[in-house]
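# Results of the structural survey
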Amino acid sequence: MSLHLIKLCVGADTIEDLEAWRDQIAPGKKPMHHVTRMSPKRSDELLDGGSLYWVIKRVIQVRQRIIGLEEVTGSDGISRCCIWLDRELVRTAPRPKKPFQGWRYLTDAPPDLSSPAAGGEDLPDDLRARLIEMGAW
């Protein structure tokens, strides 16, 4: 079982917003990165097939494979963790998630929508979003 991270995707209302942010900070084929204050202690487990699961509008909706972790120092002299992410955004079976701060470890990750266990892979995005809003999914 892989170890993953989960994080709120602040400022994004849709997966398309996350895609636009990715394309802005990592144009072309560059890997995306996200800098966070705390460094994961279980980095070896995360780098062994782990992903960062994004919570958008209180629902886990998408993930990106973690491809690296790097300690960086901000302009304020404070050490931070740069999480390097694969560009591919993999849609997941939606799962509601209450707000939290920072990131958390995630061991019970939802399946990818391409997985037979997920269901709904043929639904249009707007219908899927509406079902999530209604609490029907």
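Structure's up top.
With that settled, consider unusual backbone geometry. For residues other than glycine, phi is negative in most cases, and the peptide bonds are mostly trans. With phi around 55 degrees, K57 is a residue other than glycine that occupies positive phi space. Tracing the sequence through the fold places K57 in the loop between strand 3 (51-56) and strand 4 (59-73). The phi angle at R58 is positive, at roughly 65 degrees, despite the residue not being glycine. Examined against the element boundaries, R58 turns out to sit in the loop between strand 3 and strand 4.

On to the packing of aromatic side chains. Scanning the entire structure with this criterion turns up two aromatic pairs. Seen from their ring centres, W21 and W54 are 6.0 Å apart, and the 80 degrees between their planes marks the pair as edge-to-face. You can see W21 sitting in helix 1 (residues 15-25) and its partner W54 sitting in strand 3, a full 33 residues away along the chain. Residue class for W21 comes out partly exposed when judged on its relative accessible area of 29%. Measuring from ring centre to ring centre gives 5.1 Å for W103 and Y105, while their planes differ by 75 degrees; the resulting arrangement is edge-to-face. The lysine or arginine in question, R42, covers the ring of Y105, its NZ or CZ lying 5.1 Å from the ring centre.

Taken as a whole and assessed by the stated rule, the structure comprises nine salt bridges. A salt bridge links R63 to D112, with the shortest nitrogen-to-oxygen separation between them at 2.8 Å. In this pair, R63 is assigned in strand 4 and D112 in the loop between strand 7 (103-106) and helix 3 (125-134), connecting sequence segments 49 residues apart. One exposure class covers both R63 and D112, and it is buried. Taking the shortest distance from any N to any O, the salt bridge between D86 and R65 comes out at 3.3 Å. Remark: R65 occurs in strand 4 and D86 occurs in the loop between strand 5 (79-85) and strand 6 (90-96); sequence separation between them is 21 residues. Since its relative accessible area comes to 21%, D86 is described here as partly exposed. Taking the relative accessible area as the measure of exposure, R65 reaches 42% and is therefore partly exposed. Each member of the salt-bridge network shares a partner with another, and the members are R22, D23 and R87.

Calculation notes
Residues numbered from 1 in each chain as written. Predicted model: local features only at pLDDT ≥ 70, side-chain atom pairs only at ≥ 80, totals over all residues. Heavy atoms only, no water. Helix = DSSP H or I, 4+ residues; strand = E, 2+ residues; numbered from the N terminus. Phe/Tyr/Trp six-rings, centres within 6.5 Å; stacked < 30°, edge-to-face > 60°. Buried < 20%, exposed > 50% of the residue type's maximum accessible area, 1.4 Å probe, protein only. Lys NZ or Arg CZ within 6 Å of the ring centre and 35° of its normal. Salt bridge = Lys/Arg side-chain N within 4 Å of Asp/Glu carboxyl O.

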